[in-house]
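A closer look at the structure
Given next are the chains, with one letter for each unit.
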Amino acid sequence: MVWALSFWTLLACNDKVNARIYSSARLAEDIEAYEEWDHAPGWPDVHAGCEDPHTPIVEIWLNEVAFGAMATEPKVLPDTAALVLQVWLDEQGTEGTLLAMRKVEGIDPDNGDWFWGAFDPEGAAVAAGAASDPDAGPSVADCVGCHRSGVDFVRFPGMVALDPSVACP
Ligand code: HEC
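Residues numbered from 1 in each chain as written. Predicted model: local features only at pLDDT ≥ 70, side-chain atom pairs only at ≥ 80, totals over all residues.

1. What to know about the overall build of the protein chain
Scanning the protein chain from N- to C-terminus turns up five helices and seven strands. Order of helices (α) and strands (β) in the protein chain, N terminus to C terminus: α-α-β-β-β-α-β-β-β-β-α-α. Out of the 169 residues belonging to the protein chain, those deemed buried represent 32%. Relative to all contacts within the protein chain whose residues are 6 or more apart in sequence, the contacts with residues 24 or more apart total 41%. (Helix = DSSP H or I, 4+ residues; strand = E, 2+ residues; numbered from the N terminus. Buried ≥ 20, exposed ≤ 12 C-beta atoms within 10 Å, placed from the backbone. Contact = placed C-beta atoms within 7 Å.)

Here's what the structure looks like:
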């Protein structure tokens, strides 16, 4: 009994630790080389964003783990998969927000184990967290609320069908 209790206490603690072992700083580090990653399949390098808050122009990159998962069915992205979206404010390339989502196994099982982040053009995190993290703030709840309709929370059209003619989801 004592053993069982401490076992569950330990598990509960681990959950909290899990939520804290990943952070906006870790996310920034993990996506540092995003410009060398592949672009989203079936999605031209630069494209009109489908929906606020990703307008008017977006560019999406996938790390190797995420890109590899595109060829599998069903598409469930594994641990360490990361996707980055740069918002461009105009055709001259004025940088808007940089958004990212990264799978961190065990961080938020009810919401696909995604950690979300938004960075301003200076690189400061303006929103970051997992949906179940009470400190994550309303912006992260917005990310998850809208992305829930995607395939494993991913929304660009190539995720739904590897067909460039598919319109916005
Ligand atoms: C109202 C809906 C909505 C909200 C809110 C939203 N997104 Fe998205 N997001 C989309 C759509 C639609 C796409 C597909 C590409 C496009 O249209 O720009 C997308 C694409 C992305 C991508 C590229 C991978 C993918 O899923 O296609 C990332 C990364 C991303 N969003 C991060 C975020 C983050 C971080 C937040 C919150 C700070 C957020 N999004 C809020 C709708 C939304």
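Having seen the structure, we can now continue with the description.
2. Points about the nonpolar core
Ile-60, Leu-83, Val-84, Ala-100 and Phe-115 are the most contacted members of the largest nonpolar core, which has 37 residues in total. Excluding residues that lie within four positions of it along the chain, Ile-60 makes contacts with His-39, Ala-40, Trp-43, Leu-83, Val-84, Leu-85 and Phe-156. (Core = buried A, V, L, I, M, F, W, Y, C linked by C-beta atoms within 7 Å.)

3. Quick word on the site of the ligand
Close to the ligand lie 29 residues, the nearest being Cys-50, His-54, Cys-143, Cys-146 and Phe-156. Mapped onto the shell around the ligand, the elements with two or more residues apiece are strand E3 (57-62), strand E4 (82-88), strand E5 (95-103), strand E6 (114-119) and helix H4 (138-147). Examining the composition of the shell around the ligand, we find that five residues originate from one element, H4, more than from any other. (Near = placed C-beta within 6 Å.)

4. Some words on the pairing of strand E7 (residues 125-129)
Pairing analysis gives four bridges linking E6 to E7, with the strands arranged antiparallel. Across the sheet, residue Trp-116 finds its bridge partner in E7, namely Gly-129. Between E6 and E7, which pair antiparallel one after the other, the connecting turn spans five residues, and Gly-123 there sits at a positive phi close to 95°. (Pairing = 2+ DSSP bridges.)

5. Focus on the environment of Asp-30
Within the secondary structure, Asp-30 is located in helix H2 (residues 24-30). For Asp-30, a count of 19 C-beta atoms within 10 Å puts it in the partly exposed group. Sequence separation of Asp-30 and Ala-82 is 52 residues, and the distance between their C-alpha atoms is 8.3 Å. With residues near it in sequence (within four places) discarded, Asp-30 still touches Ala-82 and Arg-102.

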